[in-house]
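# An overview of the molecular structure
Chain by chain, the residues:
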Amino acid sequence: MKRINEFNRRLAEKITSFVSTMWCAYIFAALALISLPAAIKTGDVVVIVAWVAQTFLQLVLLSIIMVGQQVSSQSVEEMITETHTASLGEFELAKEARSLADQELKELKAIAKEIHQVLKDVEGKK
């Protein structure tokens, strides 16, 4: 069962990667156009509209929509990557700032301790 599921997944990926190309849209358009003369020959508006809606648009738009979704998802992925990279950069800057602040705090504590000792010494000499 696991092998069948793996086969099905790989087959679906290959079909999807083919169908989501403009070349597939061109092939589907050519395929749909084969039946156009027969639809026109009937002279029936309903048949012609049905051909446009059910044959041409469905076949061709399927691939075009999939290409558009792929482009959109790549754009979103790029934005996510840029945001992630920028966030990591900001995090590193924040870590550096925190480290500097910790060092400054240690220095301020040492200075405060020295001042406190000087004040004690001055107070003791009185």
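Summarised in this report is the structure supplied together with it. (Residues numbered from 1 in each chain as written. Predicted model: local features only at pLDDT ≥ 70, side-chain atom pairs only at ≥ 80, totals over all residues. Heavy atoms only, no water.)

Attention shifts here to the side chain of Ser-20. Topologically, Ser-20 is positioned in the loop between α1 (2-19) and α2 (22-34). One polar contact links the side chain of Ser-20 to the main-chain carbonyl oxygen of Thr-16, over a distance of 2.7 Å. In this view, Ser-20 contacts Ser-63, Met-66, Val-67 and Gln-70; residues no more than four positions away in its chain are not counted. (Helix = DSSP H or I, 4+ residues; strand = E, 2+ residues; numbered from the N terminus. Polar contact = N/O pair within 3.5 Å; in protein donor to acceptor, adjacent residues only side chain to side chain. Contact = heavy atoms within 4.5 Å.)

Turning our attention to the packing of α2 against helix α4 (residues 45-125). Where α2 contacts α4, the two axes come as close as 8 Å, and the packing angle between them is 170 degrees. Compared by their axis directions, α2 and α4 come out roughly antiparallel. Facing Met-22, Cys-24, Ala-25, Phe-28, Ala-29, Ala-32 and Leu-33 of α2, the residues of α4 in contact are Trp-51, Thr-55, Phe-56, Leu-59, Val-60, Leu-62, Ser-63, Ile-64 and Val-67. Split by residue class, the contact of α2 with α4 holds 14 nonpolar, two polar and no charged. (Axes fitted to C-alpha atoms, helices over the stretch in contact; angles between N-to-C directions. Parallel < 35°, antiparallel > 145°, perpendicular 65-115°, else oblique. Nonpolar A, V, L, I, M, F, W, Y, C, P; charged D, E, K, R; others polar.)

Here α4 contains 81 residues, and its C-alpha end-to-end distance of 113 Å stays within 8% of the 120 Å for a straight helix at 1.5 Å per residue. Of all the bends in α4, the greatest, near 40 degrees, is centred on Leu-57. Listing the buried residues of α4 in full gives Trp-51, Val-60, Ser-63, Met-66 and Val-67. Lining the buried residues of α4 we find α1, α2 and α3 (36-42). Capping the start of α4 is the job of one residue whose side-chain oxygen sits 3.1 Å from the backbone nitrogen of Val-46: Asp-44. (Expected span 1.5 Å × (residues − 1). Bend = angle between axes of the 7 residues up to and from the residue. Buried < 20%, exposed > 50% of the residue type's maximum accessible area, 1.4 Å probe, protein only.)

Moving on to the environment of Lys-106. The residue Lys-106 is located in helix α4 in this model. Along the backbone, Lys-106 and Ile-15 are 91 residues apart, and their C-alpha atoms lie at a distance of 63 Å.

The next point concerns the nonpolar core. If you look at the biggest cluster of nonpolar residues, it comprises six residues: Val-19, Cys-24, Phe-28, Ala-29, Val-60 and Met-66. Put simply, the parts of the chain that give this core at least two residues each are α2 and α4. Counting residues per element, this core draws most heavily on α2, which supplies three residues. If we skip the residues at most four places from it in the chain, Ala-29 touches Phe-56 and Val-60. (Core = buried A, V, L, I, M, F, W, Y, C linked by side-chain atoms within 4.5 Å.)

In this section: the pattern of salt bridges. This structure, assessed with the given rule, holds five salt bridges. One salt bridge connects Glu-6 with Arg-10, and the closest N-O pair in it is separated by 3.1 Å. Placement of both Glu-6 and Arg-10 in helix α1 is noted, with a separation of four residues, approximately one turn of the helix. The exposure class of Glu-6 is partly exposed, given its relative accessible area of 30%. Beyond isolated ion pairs, a larger network of salt bridges with shared partners links Glu-6, Arg-9, Arg-10 and Glu-13. (Salt bridge = Lys/Arg side-chain N within 4 Å of Asp/Glu carboxyl O.)

None of this, on its own, says anything about what the molecule does.
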